[in-house]
Amino acid sequence: MGPGAPGELGGAEGGARVGSGGLELPPGGENHQGDSADAPPGTVSLARPMDAGAIGPELDWDADAWREVRTRAQRAGRAYIWLNLVEQRLRAVVAAVLRPVYEPVHSDDWVVAAAGPAGQEWVQRAVAVREVSRRKGYLLDPADDNVLSFLTLPQLRELMVQHWPCFEPYLDDRRDVELALDELEVTRNVVSRNRALSEAVLSQAERASARLLEMLGTGGDVPSARRLPVDAVENLVGERYADVVAVHSDRVRLMRQFPAEDIFGDARRLDAVGIGLNLLVQNFSGRRLVRLAETGCRVRLLFLNPASSAVKRRERELGLKRGELSRAVEMNILHMRRVRSKLRDPGAFEIQVYDETPRFTAYLVDGDGSDGIAVVQSYLRRSRGMEAPVLVLRGGSRVVKPGEADDSGLFPTYREEFETAWADSRPVS
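Given the structure is predicted, the values throughout are model-derived calculations rather than measurements.

Analysis parameters
- Residues numbered from 1 in each chain as written.
- Predicted model: local features only at pLDDT ≥ 70, side-chain atom pairs only at ≥ 80, totals over all residues.
- Heavy atoms only, no water.
- Helix = DSSP H or I, 4+ residues; strand = E, 2+ residues; numbered from the N terminus.
- Buried < 20%, exposed > 50% of the residue type's maximum accessible area, 1.4 Å probe, protein only.
- Contact = heavy atoms within 4.5 Å.
- Areas by Shrake-Rupley, 256 points an atom, 1.4 Å probe, with all protein chains shown as cover.
- Salt bridge = Lys/Arg side-chain N within 4 Å of Asp/Glu carboxyl O.
- Core = buried A, V, L, I, M, F, W, Y, C linked by side-chain atoms within 4.5 Å.
- Pairing = 2+ DSSP bridges.
- Axes fitted to C-alpha atoms, helices over the stretch in contact; angles between N-to-C directions.

*Asks:* Teacher, can you tell me more about the overall build of the chain here?
*Replies:* Along the backbone of the chain there are 16 helices and 10 strands. With 429 residues in all, the chain has 39% of them scored as buried. Restricting the contact set of the chain to residue pairs at least 6 apart, pairs at least 24 apart contribute 67%. In the form shown here, the chain has an accessible surface area of approximately 24600 Å², with 51% of it arising from carbon and sulfur atoms.

*Asks:* Got a minute to help me understand the environment of Val 112 in this structure?
*Replies:* Take Val 112: it is sitting in helix 3 (residues 110-115). Look at Val 112 and you get buried, because its relative accessible area is 19%. Sequence separation between Val 112 and Ala 126 is 14 residues; the distance between their C-alpha atoms is 9.6 Å. Apart from the residues within four sequence positions on either side, Val 112 is in contact with Val 123, Gln 124 and Val 127.

*Asks:* Honestly, the pattern of salt bridges in this entry has me stumped. Any pointers?
*Replies:* Here the idea is simple: oppositely charged side chains can pair when their charged atoms come close. By the definition in use, this model includes 27 salt bridges. Taking the shortest distance from any N to any O, the salt bridge between Arg 174 and Glu 178 comes out at 2.9 Å. Here Arg 174 and its partner Glu 178 are both found in helix 7 (residues 174-192), 4 residues apart, which amounts to about one turn of the helix. Arg 174 sits in the partly exposed class, given a relative accessible area of 33%. A salt bridge links Arg 253 to Asp 250; the nearest nitrogen and oxygen atoms lie 2.5 Å apart. A relative accessible area of 14% means that Asp 250 is categorised as buried. The network of salt bridges with common partners includes Arg 130, Glu 131, Arg 134 and Asp 145.

*Asks:* Teacher, can you tell me more about helix 13 (residues 286-294) here?
*Replies:* Because the α-helix completes a turn every 3.6 residues, residues three or four places apart line up on one side. Within helix 13 the residues assigned to the buried category are Gly 286, Arg 288, Leu 289, Val 290, Leu 292 and Ala 293. Those residues of helix 13 hidden inside the fold are in contact with helix 11 (260-264), helix 12 (278-281), helix 15 (324-341) and strand 6 (349-354). Immediately beyond the C-terminal end of helix 13, within one or two residues, lies Gly 296, with a positive phi of roughly 115 degrees.

*Asks:* Looking at this model, I keep getting lost on the nonpolar core. Mind explaining?
*Replies:* The nonpolar side chains of a soluble globular protein tend to be buried, and buried together. Residues Phe 264, Leu 280, Leu 301, Phe 303, Met 336, Phe 349 and Tyr 363 are the most contacted members of the largest nonpolar core, which totals 57 residues. Once residues within four sequence positions are removed from consideration, Phe 264 is found in contact with Leu 270, Leu 279, Leu 280, Phe 284, Leu 292, Tyr 363 and Val 365. Core analysis: the second largest hydrophobic core is formed by 43 residues, Leu 98, Leu 159, Leu 197 and Ala 208 among them.

*Asks:* Looking at this structure, I do not really get the sheet that holds strand 10 (residues 426-427). What am I missing?
*Replies:* Either a parallel or an antiparallel arrangement is found when strands of a sheet pair, and the pairing is made through backbone hydrogen bonds. Taken in spatial order, the 8 strands make up an open sheet running 3-9-8-7-4-5-6-10, and their pairing is mixed. Every other strand in the sheet has two partners, leaving strand 3 (244-248) and strand 10 as the edge strands with one partner each. Of the pairings in the sheet, the one linking strand 6 to strand 10 comprises 2 bridges and is antiparallel in character. Counterpart to Gln 352 in the pairing with strand 10 is Pro 427. The sheet contacts of helix 16 (residues 411-423) involve strand 4 (269-273), strand 5 (298-304), strand 6, strand 7 (360-365), strand 8 (373-378) and strand 9 (390-394), and relative to strand 5 the element is tilted by about 75 degrees.

This is how it looks when you write it as structure tokens:
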């Protein structure tokens, strides 16, 4: 082949080259950037490889990006826990109701029979997934080696709807059940595909899940659930945080999530210690307190003595005018005295004052039983009570292990502190 024969590779001068497909490749000189405008007709433009160093900045996540994905993961995690609880509960209900109907005739194929012709496609798909899981060793628990464990939430719902006459004796309203499942479907779709879940949709899913679990016969497993509903996450990881079930950065955020009516309403015993007890006095009306006491609630309120030197020190800490805090405390005490004067049994509504340095404010509701709730705030040097962080405690046994005595919680600590302070205080006439 001669020097000028077609197919010969060009020399170092950057002449045209011909590839194996017969197309002419552009020259590879240093000044040639692969622009299609510079390439002669009939040539194929080749893009130059990118510098590896230019990729790095595009792959990095800054602090805002990490914060965003963590927020997404936290929301998705909460939603997944609720959805998992609902699906397991619905699966158990479907098995309890339909198994006795179909299993005597169809044995292990009772789920296939219950699905019927309308559900033939999705139930066969569940059977196939079960067989694959068996072969690949994905079935870690023998209890999951059944077709029912491979049905999704919509398919379990379909079984319930198809056989509603069987479920009707156990569930009050089919429409309520279907509406709750409809609300969960959006969340299920988002979580299953790792998409962003908004705070509003998460809250809706949590409410719908709690409502559905209640309808399916799984109410709160502690008595205090009527006042502070047991959260799904608390059920699973509650032992990690003793008996702390909520933390709020200030009292405003507490009141948004846990209004005074929810805290004090229907209480049978109320013990409170603090400086002015504003959470109770200013957010729970005197009429409600009278009705509460008349229905049998015993109340013990422990205020800081407005004439004590501790009030003056607290005023200086907060930068208040002289006498401003003491007058506010005195007004709260007078208001509670008026409430007490309206009761047939004033002895059930006790008011006392103490002279020691105030260390915390605590509201112990039904603290003498297993269903107590406590709202606790520590006093900070430069922050008023409205601005201080708030802990919400659940008394009694830990939620995750109801049969085990709780010796590691904070609730008994604050209850003991209250009793000690009450013993050293003196009554208000």
